[in-house]
Amino acid sequence: MNGQRLLNPHGDAPAEKLPLVWLIGGSDSGGGAGIQADLRTVTALGGHGCTVVTAITAQNSVKLNAVFAVTPQQLLAQLDTLDADLPPAAIKIGQLPDTSIALALANWLAHWLSKFRSRAAETPPVIWDPVIYASSGACLSELSSDSIRQLLQVVDILTPNLAELSWLSQADSIATAVNNEQALSQLKVLRQHFRGDILLKGGHSDDPLRCTDLWCSGPQSSLITAPRHNGEHNRGTGCTLASALATALALGFTKPDAVTIARAYLQQALRLSYPTGNGAGSLGVAGWPRQQTDFPLWQDVTAPLPLQLKFARLTQPIGLYPVVDDLQWLIRLLPLGVQTIQLRLKNKTAVELERQIQSAVELCRDYQIQLFINDHWQLAIKYQAFGVHLGQEDLADADLTAIADKGLRLGVSTHGYAELARVLPLQPSYIALGHIFPTNTKQMPSKPQGLKRLQHYVRLCATVPGVPTVAIGGIDERNIQAVVQTGVRGVAVVSAIVAAPQPEKALQQLQQYCHALQLPPGVERDGY
Ligand SMILES: Cc1ncc(COP(=O)(O)OP(=O)(O)O)c(N)n1
Ligand SMILES: Cc1nc(C(=O)O)sc1CCOP(=O)(O)O
(Lines give C-alpha, C1' and ligand atoms only; values in the text may rest on other atoms or scores of the structure.)
(Ligands and ions follow the chains in the order given, each with its own letter.)
Protein backbone atom coordinates (compact mmCIF):
# COMPACT_ATOMS: atom_id res chain seq x y z
CA MET A 1 0.00 0.00 0.00
CA ASN A 2 3.03 2.29 -0.05
CA GLY A 3 1.98 3.53 -3.47
CA GLN A 4 -0.90 5.35 -1.80
CA ARG A 5 1.58 7.40 0.20
CA LEU A 6 3.00 8.66 -3.07
CA LEU A 7 -0.43 9.44 -4.46
CA ASN A 8 -1.61 11.35 -1.44
CA PRO A 9 0.96 13.42 0.39
CA HIS A 10 -1.83 14.83 2.57
CA GLY A 11 -3.31 11.71 4.10
CA ASP A 12 -2.78 11.87 7.81
CA ALA A 13 -4.38 8.43 8.20
CA PRO A 14 -2.06 5.43 8.03
CA ALA A 15 -1.81 4.12 4.46
CA GLU A 16 -3.65 0.87 5.28
CA LYS A 17 -6.83 2.78 6.26
CA LEU A 18 -7.73 5.10 3.39
CA PRO A 19 -10.86 7.21 3.84
CA LEU A 20 -13.87 5.56 2.20
CA VAL A 21 -15.97 7.51 -0.26
CA TRP A 22 -19.34 6.08 -1.28
CA LEU A 23 -20.06 6.71 -4.93
CA ILE A 24 -23.78 6.47 -5.66
CA GLY A 25 -24.52 6.82 -9.35
CA GLY A 26 -24.74 5.28 -12.79
CA SER A 27 -22.28 3.07 -14.66
CA ASP A 28 -20.98 4.51 -17.95
CA SER A 29 -20.00 1.64 -20.24
CA GLY A 30 -17.74 4.04 -22.15
CA GLY A 31 -15.68 4.63 -18.99
CA GLY A 32 -15.60 8.42 -19.39
CA ALA A 33 -18.12 9.52 -16.77
CA GLY A 34 -20.28 8.11 -13.96
CA ILE A 35 -19.03 5.62 -11.44
CA GLN A 36 -15.99 4.84 -13.60
CA ALA A 37 -14.77 8.48 -13.55
CA ASP A 38 -15.61 8.73 -9.85
CA LEU A 39 -13.54 5.69 -8.94
CA ARG A 40 -10.51 6.92 -10.87
CA THR A 41 -10.73 10.29 -9.13
CA VAL A 42 -11.10 8.95 -5.60
CA THR A 43 -8.17 6.59 -6.12
CA ALA A 44 -5.96 9.29 -7.62
CA LEU A 45 -6.55 11.58 -4.65
CA GLY A 46 -5.82 8.92 -2.05
CA GLY A 47 -9.25 7.65 -1.01
CA HIS A 48 -10.98 4.30 -1.49
CA GLY A 49 -14.19 4.31 -3.49
CA CYS A 50 -17.17 2.03 -2.68
CA THR A 51 -19.95 1.95 -5.27
CA VAL A 52 -23.73 1.92 -5.16
CA VAL A 53 -24.87 1.55 -8.75
CA THR A 54 -28.17 3.29 -9.52
CA ALA A 55 -28.34 2.60 -13.25
CA ILE A 56 -26.54 0.81 -16.04
CA THR A 57 -26.12 3.01 -19.06
CA ALA A 58 -25.13 1.80 -22.51
CA GLN A 59 -22.92 4.63 -23.80
CA ASN A 60 -19.88 5.18 -25.90
CA SER A 61 -18.00 8.41 -26.58
CA VAL A 62 -20.61 9.47 -29.16
CA LYS A 63 -24.01 8.32 -27.96
CA LEU A 64 -26.16 7.18 -25.05
CA ASN A 65 -28.20 4.18 -26.26
CA ALA A 66 -29.99 2.99 -23.12
CA VAL A 67 -30.47 3.54 -19.38
CA PHE A 68 -31.50 0.60 -17.19
CA ALA A 69 -32.40 1.75 -13.70
CA VAL A 70 -31.73 -0.67 -10.83
CA THR A 71 -34.74 -1.47 -8.64
CA PRO A 72 -35.12 0.22 -5.23
CA GLN A 73 -34.49 -3.22 -3.69
CA GLN A 74 -31.16 -3.53 -5.52
CA LEU A 75 -30.21 -0.01 -4.41
CA LEU A 76 -31.04 -0.66 -0.75
CA ALA A 77 -29.20 -3.99 -0.74
CA GLN A 78 -26.00 -2.20 -1.81
CA LEU A 79 -26.44 0.57 0.78
CA ASP A 80 -27.15 -1.84 3.66
CA THR A 81 -24.23 -4.05 2.72
CA LEU A 82 -21.77 -1.15 2.67
CA ASP A 83 -23.18 0.23 5.91
CA ALA A 84 -22.54 -3.06 7.70
CA ASP A 85 -18.79 -2.93 7.09
CA LEU A 86 -17.50 0.06 5.12
CA PRO A 87 -18.59 3.33 6.79
CA PRO A 88 -18.01 6.33 4.54
CA ALA A 89 -16.06 9.50 5.31
CA ALA A 90 -18.01 11.22 2.50
CA ILE A 91 -20.80 10.34 0.07
CA LYS A 92 -21.06 11.47 -3.53
CA ILE A 93 -24.34 11.09 -5.38
CA GLY A 94 -24.52 11.31 -9.16
CA GLN A 95 -27.12 9.97 -11.60
CA LEU A 96 -30.50 9.04 -10.07
CA PRO A 97 -32.43 7.59 -13.01
CA ASP A 98 -36.00 7.89 -11.69
CA THR A 99 -38.22 9.01 -8.85
CA SER A 100 -38.41 5.60 -7.18
CA ILE A 101 -34.62 5.46 -6.85
CA ALA A 102 -34.37 9.09 -5.67
CA LEU A 103 -37.05 8.52 -3.02
CA ALA A 104 -35.57 5.23 -1.84
CA LEU A 105 -32.16 6.89 -1.48
CA ALA A 106 -33.53 10.01 0.24
CA ASN A 107 -35.44 7.90 2.79
CA TRP A 108 -32.53 5.58 3.44
CA LEU A 109 -30.10 8.48 3.93
CA ALA A 110 -32.54 10.42 6.16
CA HIS A 111 -32.88 7.41 8.47
CA TRP A 112 -29.14 6.64 8.39
CA LEU A 113 -28.11 10.26 9.12
CA SER A 114 -30.60 10.50 11.99
CA LYS A 115 -28.69 7.72 13.77
CA PHE A 116 -25.57 9.93 13.78
CA ARG A 117 -27.55 12.91 15.05
CA SER A 118 -29.16 10.92 17.86
CA ARG A 119 -25.69 10.14 19.25
CA ALA A 120 -24.46 13.70 18.53
CA ALA A 121 -21.88 12.34 16.07
CA GLU A 122 -20.65 14.28 13.05
CA THR A 123 -22.38 13.18 9.84
CA PRO A 124 -20.31 12.37 6.73
CA PRO A 125 -20.78 15.11 4.12
CA VAL A 126 -23.19 14.26 1.30
CA ILE A 127 -22.49 15.83 -2.10
CA TRP A 128 -25.05 15.65 -4.89
CA ASP A 129 -24.02 16.31 -8.47
CA PRO A 130 -27.53 16.49 -9.96
CA VAL A 131 -26.77 15.12 -13.43
CA ILE A 132 -29.76 15.39 -15.74
CA TYR A 133 -28.11 15.32 -19.12
CA ALA A 134 -25.17 13.31 -20.46
CA SER A 135 -22.67 15.43 -22.41
CA SER A 136 -24.30 13.97 -25.57
CA GLY A 137 -27.50 15.80 -24.50
CA ALA A 138 -29.43 12.62 -23.62
CA CYS A 139 -31.59 12.72 -20.47
CA LEU A 140 -30.23 10.72 -17.53
CA SER A 141 -32.70 11.64 -14.80
CA GLU A 142 -36.49 11.94 -14.59
CA LEU A 143 -37.31 13.02 -11.04
CA SER A 144 -40.51 14.35 -9.48
CA SER A 145 -40.24 17.68 -7.65
CA ASP A 146 -41.21 15.93 -4.43
CA SER A 147 -38.32 13.45 -4.69
CA ILE A 148 -35.91 16.31 -5.41
CA ARG A 149 -37.11 18.16 -2.29
CA GLN A 150 -36.71 15.08 -0.13
CA LEU A 151 -33.25 14.49 -1.45
CA LEU A 152 -32.23 18.10 -0.83
CA GLN A 153 -33.03 17.54 2.87
CA VAL A 154 -30.12 15.08 3.17
CA VAL A 155 -27.57 16.84 0.98
CA ASP A 156 -24.80 19.11 2.32
CA ILE A 157 -23.28 20.33 -0.94
CA LEU A 158 -24.98 20.60 -4.31
CA THR A 159 -22.91 20.97 -7.51
CA PRO A 160 -25.28 21.95 -10.34
CA ASN A 161 -24.27 23.45 -13.66
CA LEU A 162 -26.33 26.31 -15.10
CA ALA A 163 -28.84 23.97 -16.80
CA GLU A 164 -29.24 21.93 -13.63
CA LEU A 165 -29.76 25.10 -11.58
CA SER A 166 -32.58 26.07 -13.93
CA TRP A 167 -34.07 22.54 -13.60
CA LEU A 168 -33.81 22.50 -9.79
CA SER A 169 -35.30 25.97 -9.44
CA GLN A 170 -38.02 25.20 -12.03
CA ALA A 171 -37.02 28.21 -14.10
CA ASP A 172 -37.91 28.35 -17.79
CA SER A 173 -34.53 29.61 -19.01
CA ILE A 174 -30.87 28.84 -18.43
CA ALA A 175 -28.56 31.56 -17.08
CA THR A 176 -25.50 32.44 -19.14
CA ALA A 177 -23.13 33.15 -16.21
CA VAL A 178 -22.95 32.06 -12.57
CA ASN A 179 -23.06 35.56 -11.13
CA ASN A 180 -25.60 37.37 -13.28
CA GLU A 181 -29.10 38.43 -12.22
CA GLN A 182 -30.75 35.40 -13.77
CA ALA A 183 -28.49 32.91 -11.97
CA LEU A 184 -28.78 34.78 -8.67
CA SER A 185 -32.57 34.80 -8.80
CA GLN A 186 -32.62 31.04 -9.59
CA LEU A 187 -30.24 30.46 -6.68
CA LYS A 188 -32.61 32.39 -4.44
CA VAL A 189 -35.47 30.06 -5.40
CA LEU A 190 -33.33 26.97 -4.87
CA ARG A 191 -32.25 28.22 -1.47
CA GLN A 192 -35.87 28.21 -0.32
CA HIS A 193 -35.71 24.38 -0.39
CA PHE A 194 -32.02 23.80 0.22
CA ARG A 195 -30.05 24.94 3.25
CA GLY A 196 -26.66 23.49 2.34
CA ASP A 197 -23.81 24.90 0.26
CA ILE A 198 -23.89 25.26 -3.52
CA LEU A 199 -21.03 25.06 -5.98
CA LEU A 200 -22.61 26.46 -9.14
CA LYS A 201 -20.49 25.39 -12.12
CA GLY A 202 -19.95 27.81 -14.96
CA GLY A 203 -18.47 25.41 -17.51
CA HIS A 204 -21.38 26.14 -19.87
CA SER A 205 -21.29 29.92 -19.44
CA ASP A 206 -20.78 32.30 -22.37
CA ASP A 207 -17.24 33.34 -21.36
CA PRO A 208 -14.86 31.96 -24.03
CA LEU A 209 -11.70 32.55 -21.98
CA ARG A 210 -12.49 31.67 -18.40
CA CYS A 211 -14.51 29.15 -16.52
CA THR A 212 -15.96 30.72 -13.39
CA ASP A 213 -17.82 28.80 -10.68
CA LEU A 214 -19.70 30.34 -7.76
CA TRP A 215 -19.29 28.94 -4.25
CA CYS A 216 -22.21 29.91 -2.01
CA SER A 217 -21.76 29.01 1.63
CA GLY A 218 -24.04 30.69 4.16
CA PRO A 219 -24.04 34.43 3.53
CA GLN A 220 -20.69 34.31 1.71
CA SER A 221 -20.17 33.88 -2.02
CA SER A 222 -16.87 33.46 -3.81
CA LEU A 223 -15.95 33.29 -7.47
CA ILE A 224 -13.57 30.52 -8.47
CA THR A 225 -12.00 31.19 -11.83
CA ALA A 226 -9.68 29.17 -14.05
CA PRO A 227 -8.66 29.52 -17.69
CA ARG A 228 -11.17 27.75 -19.93
CA HIS A 229 -9.91 24.48 -21.33
CA ASN A 230 -11.00 24.35 -24.92
CA GLY A 231 -10.07 20.74 -25.70
CA GLU A 232 -12.83 18.43 -26.93
CA HIS A 233 -12.10 15.51 -24.55
CA ASN A 234 -14.19 16.46 -21.58
CA ARG A 235 -16.42 13.52 -20.66
CA GLY A 236 -17.17 13.29 -16.95
CA THR A 237 -16.07 16.77 -15.82
CA GLY A 238 -18.99 17.16 -13.39
CA CYS A 239 -18.53 13.65 -11.95
CA THR A 240 -14.79 14.23 -11.54
CA LEU A 241 -15.24 17.59 -9.79
CA ALA A 242 -17.85 16.26 -7.35
CA SER A 243 -15.96 13.08 -6.52
CA ALA A 244 -12.72 15.06 -6.04
CA LEU A 245 -14.65 17.33 -3.69
CA ALA A 246 -15.99 14.34 -1.75
CA THR A 247 -12.51 12.81 -1.49
CA ALA A 248 -10.89 16.03 -0.26
CA LEU A 249 -13.64 16.32 2.38
CA ALA A 250 -13.10 12.68 3.33
CA LEU A 251 -9.40 13.47 3.79
CA GLY A 252 -10.37 16.14 6.34
CA PHE A 253 -10.00 19.35 4.34
CA THR A 254 -12.36 22.24 5.04
CA LYS A 255 -15.09 22.87 2.47
CA PRO A 256 -13.35 25.87 0.82
CA ASP A 257 -10.07 23.94 0.66
CA ALA A 258 -11.84 20.87 -0.73
CA VAL A 259 -13.51 22.99 -3.43
CA THR A 260 -10.11 24.46 -4.37
CA ILE A 261 -8.44 21.04 -4.50
CA ALA A 262 -11.32 19.63 -6.58
CA ARG A 263 -11.13 22.51 -9.05
CA ALA A 264 -7.35 22.14 -9.35
CA TYR A 265 -7.70 18.36 -9.82
CA LEU A 266 -10.25 18.94 -12.60
CA GLN A 267 -8.02 21.49 -14.34
CA GLN A 268 -5.15 19.02 -14.24
CA ALA A 269 -7.41 16.22 -15.54
CA LEU A 270 -8.59 18.44 -18.42
CA ARG A 271 -5.00 19.32 -19.25
CA LEU A 272 -4.20 15.59 -19.45
CA SER A 273 -7.38 14.55 -21.29
CA TYR A 274 -7.16 12.10 -24.18
CA PRO A 275 -9.29 10.71 -27.04
CA THR A 276 -11.07 7.36 -26.69
CA GLY A 277 -13.54 6.80 -29.55
CA ASN A 278 -14.97 9.07 -32.23
CA GLY A 279 -16.53 11.52 -29.76
CA ALA A 280 -15.41 13.41 -26.68
CA GLY A 281 -12.62 11.55 -24.91
CA SER A 282 -11.85 11.14 -21.22
CA LEU A 283 -10.09 13.14 -18.54
CA GLY A 284 -6.51 12.30 -17.67
CA VAL A 285 -5.61 10.81 -14.31
CA ALA A 286 -2.72 12.04 -12.23
CA GLY A 287 -2.25 12.29 -8.49
CA TRP A 288 -2.55 15.25 -6.20
CA PRO A 289 -2.57 18.61 -8.09
CA ARG A 290 0.77 20.35 -7.68
CA GLN A 291 1.09 22.98 -10.38
CA GLN A 292 0.08 26.48 -9.40
CA THR A 293 -1.29 26.99 -12.92
CA ASP A 294 -3.91 24.28 -12.25
CA PHE A 295 -5.17 26.10 -9.17
CA PRO A 296 -8.07 28.51 -9.62
CA LEU A 297 -8.24 32.11 -8.51
CA TRP A 298 -10.50 32.53 -5.47
CA GLN A 299 -12.22 35.94 -5.12
CA ASP A 300 -14.79 37.23 -2.66
CA VAL A 301 -17.77 38.43 -4.70
CA THR A 302 -18.08 41.64 -2.69
CA ALA A 303 -14.38 42.41 -2.15
CA PRO A 304 -12.08 41.12 -4.91
CA LEU A 305 -8.40 41.82 -4.32
CA PRO A 306 -6.59 44.27 -6.64
CA LEU A 307 -4.29 41.81 -8.41
CA GLN A 308 -2.52 44.38 -10.58
CA LEU A 309 -0.50 45.82 -7.65
CA LYS A 310 3.24 45.30 -7.36
CA PHE A 311 4.57 44.91 -3.83
CA ALA A 312 8.23 45.56 -3.04
CA ARG A 313 10.31 42.42 -2.49
CA LEU A 314 12.31 41.49 0.61
CA THR A 315 15.93 42.59 0.66
CA GLN A 316 17.37 39.77 2.82
CA PRO A 317 16.47 36.15 3.57
CA ILE A 318 13.71 35.91 6.20
CA GLY A 319 15.43 33.35 8.43
CA LEU A 320 14.22 32.92 12.00
CA TYR A 321 11.37 35.41 12.32
CA PRO A 322 10.45 36.42 15.90
CA VAL A 323 6.90 37.80 16.28
CA VAL A 324 6.78 39.94 19.43
CA ASP A 325 4.17 41.99 21.26
CA ASP A 326 6.18 44.92 22.62
CA LEU A 327 9.00 47.27 21.63
CA GLN A 328 11.01 46.01 24.61
CA TRP A 329 11.47 42.69 22.82
CA LEU A 330 12.98 44.44 19.81
CA ILE A 331 15.47 46.18 22.06
CA ARG A 332 16.45 42.79 23.53
CA LEU A 333 16.51 40.72 20.36
CA LEU A 334 17.82 42.97 17.60
CA PRO A 335 21.47 42.86 18.72
CA LEU A 336 21.38 39.05 18.36
CA GLY A 337 21.44 39.09 14.58
CA VAL A 338 17.83 38.58 13.43
CA GLN A 339 17.11 39.66 9.85
CA THR A 340 13.33 39.88 10.08
CA ILE A 341 11.05 40.69 13.02
CA GLN A 342 7.37 41.48 13.52
CA LEU A 343 5.76 43.85 15.98
CA ARG A 344 2.32 42.37 16.73
CA LEU A 345 0.78 44.89 19.10
CA LYS A 346 -2.55 43.94 20.68
CA ASN A 347 -4.60 45.89 23.26
CA LYS A 348 -2.46 49.04 23.25
CA THR A 349 -3.82 52.58 23.42
CA ALA A 350 -3.65 54.69 20.27
CA VAL A 351 -0.86 56.79 21.78
CA GLU A 352 1.15 53.74 22.80
CA LEU A 353 0.66 52.11 19.38
CA GLU A 354 2.01 55.15 17.59
CA ARG A 355 4.95 55.55 20.00
CA GLN A 356 6.01 51.92 19.72
CA ILE A 357 5.66 51.74 15.94
CA GLN A 358 7.63 54.94 15.39
CA SER A 359 10.44 53.79 17.72
CA ALA A 360 10.49 50.29 16.24
CA VAL A 361 10.87 51.63 12.71
CA GLU A 362 13.78 53.86 13.76
CA LEU A 363 15.46 51.04 15.67
CA CYS A 364 15.14 48.53 12.84
CA ARG A 365 16.41 51.06 10.32
CA ASP A 366 19.58 51.44 12.41
CA TYR A 367 20.04 47.66 12.49
CA GLN A 368 18.93 47.24 8.84
CA ILE A 369 16.32 44.73 9.88
CA GLN A 370 13.16 43.87 7.96
CA LEU A 371 10.45 45.08 10.37
CA PHE A 372 6.86 44.03 9.70
CA ILE A 373 4.03 45.79 11.52
CA ASN A 374 1.07 43.51 12.17
CA ASP A 375 -2.39 44.93 11.30
CA HIS A 376 -1.67 48.69 11.79
CA TRP A 377 -0.99 49.49 8.16
CA GLN A 378 -1.79 53.22 8.42
CA LEU A 379 0.90 53.72 11.08
CA ALA A 380 3.27 51.46 9.17
CA ILE A 381 2.85 53.73 6.13
CA LYS A 382 3.09 56.90 8.22
CA TYR A 383 6.47 55.87 9.70
CA GLN A 384 7.68 54.06 6.57
CA ALA A 385 8.10 50.62 8.12
CA PHE A 386 9.76 47.96 5.99
CA GLY A 387 6.49 46.06 5.67
CA VAL A 388 3.01 45.19 6.93
CA HIS A 389 1.68 41.77 7.91
CA LEU A 390 -2.04 41.25 7.30
CA GLY A 391 -4.48 38.43 7.97
CA GLN A 392 -7.06 37.34 5.37
CA GLU A 393 -9.84 39.44 6.88
CA ASP A 394 -7.55 42.49 7.11
CA LEU A 395 -6.92 42.35 3.35
CA ALA A 396 -10.42 43.59 2.53
CA ASP A 397 -10.15 46.59 4.88
CA ALA A 398 -6.58 47.69 4.25
CA ASP A 399 -5.62 50.10 1.47
CA LEU A 400 -3.43 47.68 -0.46
CA THR A 401 -2.82 50.26 -3.19
CA ALA A 402 -1.32 52.68 -0.65
CA ILE A 403 0.84 49.90 0.85
CA ALA A 404 2.19 48.99 -2.60
CA ASP A 405 2.57 52.60 -3.81
CA LYS A 406 4.48 53.65 -0.70
CA GLY A 407 6.94 50.80 -1.25
CA LEU A 408 6.04 48.79 1.86
CA ARG A 409 6.33 45.02 1.71
CA LEU A 410 3.25 42.92 2.33
CA GLY A 411 3.19 39.64 4.26
CA VAL A 412 -0.09 37.70 4.30
CA SER A 413 -1.37 34.87 6.54
CA THR A 414 -2.89 31.77 4.94
CA HIS A 415 -4.40 28.61 6.38
CA GLY A 416 -4.97 26.27 3.47
CA TYR A 417 -5.63 25.92 -0.23
CA ALA A 418 -8.53 28.35 -0.62
CA GLU A 419 -6.69 31.19 1.09
CA LEU A 420 -3.61 30.43 -1.01
CA ALA A 421 -5.75 30.49 -4.15
CA ARG A 422 -6.96 33.92 -3.04
CA VAL A 423 -3.60 35.53 -2.27
CA LEU A 424 -0.96 33.81 -4.42
CA PRO A 425 -2.05 35.79 -7.54
CA LEU A 426 -1.59 38.98 -5.47
CA GLN A 427 2.14 38.13 -5.27
CA PRO A 428 2.72 39.54 -1.78
CA SER A 429 6.28 39.92 -0.47
CA TYR A 430 5.89 36.70 1.53
CA ILE A 431 3.16 34.22 2.38
CA ALA A 432 2.80 32.83 5.89
CA LEU A 433 1.54 29.24 6.20
CA GLY A 434 -0.12 28.41 9.47
CA HIS A 435 -0.70 27.03 11.87
CA ILE A 436 1.60 24.06 11.49
CA PHE A 437 1.39 22.58 15.01
CA PRO A 438 -1.02 23.22 17.90
CA THR A 439 -0.41 26.63 19.46
CA ASN A 440 -1.50 28.28 22.71
CA THR A 441 -0.56 31.77 21.58
CA LYS A 442 -3.70 32.36 19.54
CA GLN A 443 -7.12 30.73 19.30
CA MET A 444 -7.19 29.25 15.85
CA PRO A 445 -10.47 28.49 14.04
CA SER A 446 -8.75 25.89 11.85
CA LYS A 447 -6.92 22.64 12.61
CA PRO A 448 -3.11 22.43 12.59
CA GLN A 449 -1.84 21.78 9.07
CA GLY A 450 1.01 19.40 9.88
CA LEU A 451 4.26 18.94 8.01
CA LYS A 452 2.90 17.09 4.96
CA ARG A 453 0.50 19.84 4.03
CA LEU A 454 3.16 22.46 4.77
CA GLN A 455 5.48 20.72 2.33
CA HIS A 456 2.81 20.76 -0.34
CA TYR A 457 2.00 24.46 0.16
CA VAL A 458 5.70 25.33 0.01
CA ARG A 459 6.05 23.50 -3.32
CA LEU A 460 2.95 25.19 -4.68
CA CYS A 461 4.20 28.67 -3.69
CA ALA A 462 7.64 27.92 -5.10
CA THR A 463 6.07 27.92 -8.57
CA VAL A 464 5.40 31.67 -8.13
CA PRO A 465 8.82 33.37 -8.29
CA GLY A 466 9.69 35.98 -5.68
CA VAL A 467 7.07 34.97 -3.11
CA PRO A 468 8.90 33.23 -0.25
CA THR A 469 7.06 31.26 2.43
CA VAL A 470 7.10 31.47 6.22
CA ALA A 471 5.84 28.71 8.52
CA ILE A 472 4.15 29.70 11.80
CA GLY A 473 2.33 28.07 14.67
CA GLY A 474 3.64 25.83 17.44
CA ILE A 475 7.20 25.81 16.12
CA ASP A 476 9.90 25.22 18.72
CA GLU A 477 13.25 23.56 19.23
CA ARG A 478 11.73 20.06 18.95
CA ASN A 479 10.22 20.48 15.49
CA ILE A 480 12.05 23.37 13.79
CA GLN A 481 14.46 21.10 11.91
CA ALA A 482 11.60 19.26 10.22
CA VAL A 483 9.96 22.60 9.35
CA VAL A 484 13.17 23.92 7.77
CA GLN A 485 13.45 20.73 5.71
CA THR A 486 10.15 21.46 3.95
CA GLY A 487 11.88 24.29 2.06
CA VAL A 488 10.20 27.27 3.76
CA ARG A 489 12.30 30.44 3.63
CA GLY A 490 11.30 31.72 7.07
CA VAL A 491 10.23 30.31 10.44
CA ALA A 492 8.05 32.57 12.59
CA VAL A 493 7.89 31.92 16.32
CA VAL A 494 6.26 33.60 19.30
CA SER A 495 6.24 31.51 22.48
CA ALA A 496 9.39 29.48 21.71
CA ILE A 497 11.25 32.77 22.29
CA VAL A 498 9.12 35.05 24.45
CA ALA A 499 7.94 32.33 26.86
CA ALA A 500 11.37 30.67 27.12
CA PRO A 501 13.14 30.93 30.49
CA GLN A 502 16.08 32.56 28.66
CA PRO A 503 14.69 34.20 25.52
CA GLU A 504 18.05 35.35 24.10
CA LYS A 505 19.49 31.85 24.48
CA ALA A 506 16.35 30.29 22.96
CA LEU A 507 16.60 32.62 19.96
CA GLN A 508 20.23 31.75 19.38
CA GLN A 509 19.51 28.02 19.60
CA LEU A 510 16.63 28.28 17.13
CA GLN A 511 18.80 30.35 14.80
CA GLN A 512 21.28 27.50 14.56
CA TYR A 513 18.63 25.35 12.91
CA CYS A 514 17.89 28.09 10.41
CA HIS A 515 21.24 28.25 8.62
CA ALA A 516 19.71 26.38 5.73
CA LEU A 517 17.39 29.36 5.20
CA GLN A 518 20.32 31.59 4.24
CA LEU A 519 20.41 31.54 0.46
CA PRO A 520 23.68 31.41 -1.44
CA PRO A 521 24.76 34.69 -3.08
CA GLY A 522 22.90 35.44 -6.31
CA VAL A 523 19.69 33.60 -5.44
CA GLU A 524 18.27 36.81 -3.98
CA ARG A 525 17.76 38.16 -7.50
CA ASP A 526 14.65 35.93 -7.72
CA GLY A 527 13.41 37.14 -4.37
CA TYR A 528 13.95 35.78 -0.90
C1 LIG B 1 4.35 35.53 10.09
C2 LIG B 1 2.96 35.62 10.59
N3 LIG B 1 2.06 34.74 10.17
C4 LIG B 1 0.78 34.82 10.59
C5 LIG B 1 0.39 35.79 11.47
C6 LIG B 1 -1.04 35.95 11.89
O7 LIG B 1 -1.51 37.17 11.40
P8 LIG B 1 -3.07 37.53 11.44
O9 LIG B 1 -3.78 36.50 10.64
O10 LIG B 1 -3.16 38.95 11.05
O11 LIG B 1 -3.50 37.36 12.93
P12 LIG B 1 -3.01 38.21 14.17
O13 LIG B 1 -1.52 38.15 14.21
O14 LIG B 1 -3.50 39.62 14.00
O15 LIG B 1 -3.62 37.52 15.33
C16 LIG B 1 1.36 36.69 11.89
N17 LIG B 1 1.06 37.68 12.74
N18 LIG B 1 2.63 36.59 11.43
C1 LIG C 1 0.00 34.70 15.63
C2 LIG C 1 -0.20 33.41 14.96
N3 LIG C 1 -0.74 33.31 13.71
C4 LIG C 1 -0.85 32.06 13.31
C5 LIG C 1 -1.42 31.65 12.03
O6 LIG C 1 -1.46 30.46 11.73
O7 LIG C 1 -1.82 32.55 11.31
S8 LIG C 1 -0.32 30.94 14.44
C9 LIG C 1 0.10 32.19 15.51
C10 LIG C 1 0.69 31.96 16.85
C11 LIG C 1 2.14 31.54 16.77
O12 LIG C 1 2.62 31.48 18.05
P13 LIG C 1 3.52 30.30 18.58
O14 LIG C 1 4.82 30.39 17.86
O15 LIG C 1 3.67 30.60 20.05
O16 LIG C 1 2.80 29.02 18.35
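Computed from a prediction, not measured in an experiment: that's the story for all the values here. (Residues numbered from 1 in each chain as written. Chains lettered and ligands numbered in written order. Predicted model: local features only at pLDDT ≥ 70, side-chain atom pairs only at ≥ 80, totals over all residues.)

### Examining the sheet that holds strand E6 (residues 157–158)
Here comes step 1: Reading across from one edge, E3-E2-E1-E4-E5-E6-E7-E8-E9-E10 is the order of the 10 strands in this open sheet, with mixed pairing throughout. Both outer strands of the open sheet, strand E3 (64–69) and strand E10 (297–300), are each paired with one neighbouring strand and no more.
Here comes step 2: Where strand E8 (residues 210–217) meets strand E9 (residues 220–227), 8 bridges bridge the pair, whose relative direction is antiparallel. Each bridged residue has a counterpart across the sheet, and for Cys216 the counterpart in E9 is Ser221. (Pairing = 2+ DSSP bridges. Helix = DSSP H or I, 4+ residues; strand = E, 2+ residues; numbered from the N terminus.)

### Some remarks on the domain arrangement of the chain
Here comes step 1: Entries for the chain in the domain assignment read domain 1 (2–300) and domain 2 (319–526).
Here comes step 2: Domain 1 and domain 2 are separated by 39 Å when their C-alpha centres are compared.
Here comes step 3: With 18 residues of domain 1 in contact, the opposing surface of domain 2 contributes 18 residues.
Here comes step 4: Looking at the side of domain 1 that touches domain 2, the elements that each hand over two or more residues are helix H9 (255–271) and E10.
Here comes step 5: Top contributing element to the side of domain 1 that touches domain 2 by residue count: H9, with 5 residues. (Domains from an automatic or database assignment. Contact = placed C-beta atoms within 7 Å.)

### Side note on helix H7 (residues 181–191)
Here comes step 1: Buried residues of H7: Ala183, Gln186, Leu187 and Leu190, and no others. The arc enclosing the buried residues of H7, seen along the axis, measures out at 105°, which places them on a common side. Looking at H7, the residues exposed on the side facing more than 90 degrees away from the buried face are Glu181 and Lys188.
Here comes step 2: Among the structural elements, helix H6 (162–168), strand E7 (197–200) and E8 are those in contact with the buried residues of H7. (Buried ≥ 20, exposed ≤ 12 C-beta atoms within 10 Å, placed from the backbone. Arc of directions from axis to C-beta.)

### Some words on the pairing of E7
Here comes step 1: The alternating pattern of E7 places Asp197 and Leu199 on one face and Ile198 and Leu200 on the opposite face, and all of these are buried.
Here comes step 2: As judged from the 3 bridges shared by E7 and E8, these two strands associate in the antiparallel manner. For Leu199, the partnering residue across the bridge sits in E8 and is Trp215.

### Regarding the pairing of E3
Here comes step 1: As paired elements, strand E2 (residues 48–59) and E3 share 5 bridges and run antiparallel to each other. Bridged to Thr57 within E3 is Val67.
Here comes step 2: Between E2 and E3, which pair antiparallel in sequence order, lie 4 residues.

### Observations regarding the site of ligand 2
Here comes step 1: The immediate surroundings of ligand 2 are formed by 15 residues, with Gly434, Thr439, Thr441, Val494 and Ser495 found nearest.
Here comes step 2: The class makeup of the residues in the shell around ligand 2 is 5 nonpolar, 9 polar and 1 charged. (Near = placed C-beta within 6 Å. Nonpolar A, V, L, I, M, F, W, Y, C, P; charged D, E, K, R; others polar.)

### Regarding the nonpolar core
Here comes step 1: Among the nonpolar cores identified, the biggest contains 152 residues, and Leu245, Val470, Ala471 and Val491 are the most heavily contacted of them.
Here comes step 2: Each of domain 1 (2–300) and domain 2 (319–526) gives at least three residues to this core.
Here comes step 3: If near-sequence neighbours (up to four positions away) are discounted, Leu245 is found in contact with Ile127, Ile157, Ala258, Val259 and Ala262. (Core = buried A, V, L, I, M, F, W, Y, C linked by C-beta atoms within 7 Å.)

### Some details on the site of ligand 1
Here comes step 1: Neighbouring ligand 1 are 17 residues; Gly391, Ser413, Ala432, Ile472 and Ala492 lie closest to it.
Here comes step 2: If you list the elements that add at least two residues to the shell around ligand 1, you get strand E14 (387–390), strand E15 (409–414) and strand E17 (469–472).
Here comes step 3: The residue inventory of the shell around ligand 1, partitioned by class, reads 6 nonpolar, 7 polar and 4 charged.

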